[in-house]
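Take a look at the letters that make up each chain.
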Amino acid sequence: MNLSDDAVPALDKEEEFRARRNRINRIAKWTLPSLVMALSLLAWHLYVTLNDVPHYVLPGPVPVGKSIVEDWALLWPAMLTTSRLTILALFLAVTGGVALAVAFTQSRWAEMSFFPYAVILQVTPVVAIAPLLQIYVDSAFVAALLCAWIVAFFPILSNTTTGLKSADHNLHDLFTIYGATRWQRLRYLAAPSALPYFLGGLRIAGGLALIGAVVAEFVIGRAGTGLGLASTLLEASYRFNFGRLYAALILISILGIGIFAITSLISHLMLRKWHESALTREI
Amino acid sequence: MTARHGRRPLLTMSRVEKTFGGETVALKDLSLTVNGGDFLSLLGPSGCGKSTALRLIAGLIHPTSGRLEWSGERGAGDLGIVFQEPTLMPWMTVSQNVWLPYRLRGKGFAEAQRDIDAALELVGLAEFTEAYPRELSGGMKMRVSIARAMVTRPRLILLDEPFAALDEITRFKLNDDLLEMKAALGCTVIFVTHSVFESVFLSDRVIVMAARPGRVISELGIDTPYPRHADFRTSNEYAAHTRDVSNALGEAMGAAA
Ligand SMILES: Nc1ncnc2c1ncn2[C@@H]1O[C@H](COP(=O)(O)OP(=O)(O)OP(=O)(O)O)[C@@H](O)[C@H]1O
Ligand SMILES: [Mg+2]
């Protein structure tokens, strides 16, 4: 131990180890899932070709890929329709959910009167409502939109309501002392406190909106209205077109991943400066 | 008592009583005059109604009976408050947190910037204006909280056990700084604490309270003139005062039992 003062290493052993591990983690985060994906595709391909599995039981990845390319003209509009349905439902769920949550926190009477019905709406299976909607609503798209909205709406409402109430009590007292108006209290205290809760709800609602859209298409799209990916999938199954069925399934998954990625990114961007959930621990 | 001569009453509380839920008597028969320029400590065991008294003064709750009378007009920003926790808004930077009292009065950041910077300068955080609360230590967060309470240069600042959660070294430093700030602002301070030593070091009046029901047992004057420095803590005078206050507190505990 003959280190002179100026020869102190910038990184000790532990730090060095940590830096290396971080570097490896950064790369592995992408490469490992990609590798798993590649291996699964390969296993799938080998299983199907070596066992001569008939295509109507399980098509291999090659025909599915081919189907995506060949049926693109059909799949792409379907994907657009499903995306539009999902995003619109999510948008309406956000505006409706947030507006109602604000109303609930501003008026106890409103909350007492209407919250039970929000719960009823949530617990009634959307599959059971969809056929009814189809009867009462002329446009199949609007009916499907309502279905997806019903499913996506509740997590936003419930999370935002909790969030709006989560502000520190001492801060509330401080706002009282400084004579804050209702609007100031909402804008500067309740809303920022609710943001992490709302964003958590948004991520759940994004996934649910897609599920709602798919269910709605299954139930409503059957009427030959030619809706999105889920109806395409159903139709492909009637025609024993299993390549297309799997292609539609994969596109639905991709859509779900995309929605999750976007909502997660929004959440990260809005919280990264201050919220614990978005901070990477340095130690 | 000479130091307090000629001070004008700022707030008079007469026979104030507060009962919660019809049964918990948090405060009974509290009469107290707070003079402009006082550094007044409320000292007493847990549950004796110190926080309740502070909340009454802040206007957050209202007395069950009795009266609080303010002399002169009470305007917005006349009162600052510091809680036991720093209670900062984690989504705002240090200077935005200090801006809050002005912001709620509709004063823009640019307009308030001079005062904000001055307040942060006074608490020694001029370098940290753009930091977020999570980047600060416990003591620094408390300093921000104090800066927020005094940015409007209020007549009265209330502190409810602000340093209870801090280590002793940090607490001593903040005690010293608090006295300096008070001198700089010339405001009145009401300080709630559990610590005999803290109350003697800081205040010129110590109000000793007892619990069940919460009431004032005695008042002691600490007439050592300001400015008081670290050497005051080791002086005989300080030791004598702490002994007196400890005895009074012992009586208060005995009275409660
Ligand atoms: N909102 C409330 N509702 C009912 N009881 C209350 C309420 N606030 C305070 N009390 C009661 O009043 C009494 C005094 O409480 P207070 O918080 O003023 O004590 P304190 O002196 O500040 O104690 P501590 O030193 O522990 O902070 C306690 O018995 C407490 O239980
Ligand atoms: Mg208390």
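Here the structure is a predicted model, which is why all the values come from computation and not from measurement.

Q: Would you mind showing me how to read the nonpolar core here?
A: Side chains of nonpolar character tend, in soluble globular proteins, to be buried together. In terms of nonpolar packing, the biggest core is built from 67 residues, with A:Phe175, B:Leu42, B:Leu158 and B:Ile190 touching the most fellow members. For this core, the element with the highest residue contribution is helix H8 (residues 182-220) of chain A, accounting for 10 residues. The contacts of A:Phe175, once residues within four sequence positions are left out, are A:Ala180, A:Gln184, A:Arg185, A:Tyr188, A:Leu189, B:Met89, B:Leu100 and B:Leu104. Core analysis: the second largest hydrophobic core is formed by 50 residues, B:Ile157, B:Leu159, B:Phe191 and B:Val245 among them.

Q: So what exactly am I meant to see when it comes to the pairing of strand S9 (residues 215-221) of chain B here?
A: Regular strands have side chains that alternate between both faces of the sheet. Here six bridges tie strand S8 (residues 205-210) of chain B to S9(B), and the two strands are oriented antiparallel to one another. Pairing of B:Ile207 across the sheet is with B:Glu219, part of S9(B).

Q: Looking at this model, I keep getting lost on the interface of chain B and chain A. Mind explaining?
A: Note: interface size is frequently given as the accessible area lost on complex formation between the parts. With 20 residues of chain B at the interface, the matching set in chain A holds 19 residues. Carbon and sulfur atoms supply 70% of the area that chain B and chain A bury against each other, a total of about 2000 Å² over both sides. Summed over the three residues of chain B that lose the most area to chain A, namely B:Trp91, B:Leu104 and B:Arg134, the buried surface amounts to 34% of that side. Linking chain B with chain A are one salt bridge, by the criterion used here. With a shortest N-O distance of 2.7 Å, B:Arg55 and A:Asp173 are connected by a salt bridge. On inspection of chain B and its partner chain A, the count reaches three residue pairs in polar contact (both at pLDDT 80 or more). Of all the elements in the fold, those that place two or more residues in the side of chain B that touches chain A are helix H1 (50-58), strand S5 (79-82), helix H2 (94-103) and helix H4 (138-150) of chain B.

Q: Help me understand the site of ligand 1, please; the structure alone is not making it clear to me.
A: Residue and element names in this part refer to chain B. With respect to spatial proximity, the complete set of residues near ligand 1 consists of Phe20, Thr24, Ala26, Ser46, Gly47, Cys48, Gly49, Lys50, Ser51, Thr52, Glu161 and His194. For ligand 1, an oxygen atom lies 2.5 Å from a polar atom in the side chain of Thr52. Separating an oxygen atom of ligand 1 from a side-chain N or O atom of His194 is a distance of 2.8 Å. For ligand 1, whose free accessible area comes to 630 Å², the fraction covered by protein is 59%. Of the residues forming the shell around ligand 1, the biggest block, three residues, is contributed by H1. In the shell around ligand 1, the residues fall into three nonpolar, seven polar and two charged.

Q: Just checking my understanding: could you explain the sheet that holds strand S4 (residues 65-70) of chain B for this structure?
A: What links the strands of a sheet is backbone hydrogen bonding, and the strands pair in either a parallel or an antiparallel sense. All names here are of chain B. A sheet is described by the order of its strands in space; here three strands give the open sequence S2-S1-S4, paired in antiparallel fashion. The strands lining the two open edges of the sheet, one partner per strand, are strand S2 (24-35) and S4. Each neighbouring strand pair of the sheet contributes to a mean axis angle of 15 degrees, computed without reference to strand direction. Here strand S1 (residues 9-20) pairs with S2 via eight bridges, running antiparallel. Residue pairing in the sheet places Met13 in a bridge with Leu32 of S2. Of the strands in this sheet, S1, S2 and S4 are in contact with H1, which crosses S1 at around 120 degrees.

Q: Looking at this model, I keep getting lost on the domain arrangement of chain A. Mind explaining?
A: Structurally, chain A comprises domain 1 (4-50) and domain 2 (61-278). In this structure, domain 1 of chain A and domain 2 of chain A have C-alpha centres spaced 34 Å apart.

About the criteria used
Residues numbered from 1 in each chain as written. Chains lettered and ligands numbered in written order. Predicted model: local features only at pLDDT ≥ 70, side-chain atom pairs only at ≥ 80, totals over all residues. Heavy atoms only, no water. Core = buried A, V, L, I, M, F, W, Y, C linked by side-chain atoms within 4.5 Å. Buried < 20%, exposed > 50% of the residue type's maximum accessible area, 1.4 Å probe, protein only. Helix = DSSP H or I, 4+ residues; strand = E, 2+ residues; numbered from the N terminus. Contact = heavy atoms within 4.5 Å. Pairing = 2+ DSSP bridges. Buried area = accessible area lost by both parts, 1.4 Å probe. Salt bridge = Lys/Arg side-chain N within 4 Å of Asp/Glu carboxyl O. Polar contact = N/O pair within 3.5 Å; in protein donor to acceptor, adjacent residues only side chain to side chain. Near = heavy atom within 4 Å. Areas by Shrake-Rupley, 256 points an atom, 1.4 Å probe, with all protein chains shown as cover. Nonpolar A, V, L, I, M, F, W, Y, C, P; charged D, E, K, R; others polar. Axes fitted to C-alpha atoms, helices over the stretch in contact; angles between N-to-C directions. Domains from an automatic or database assignment.

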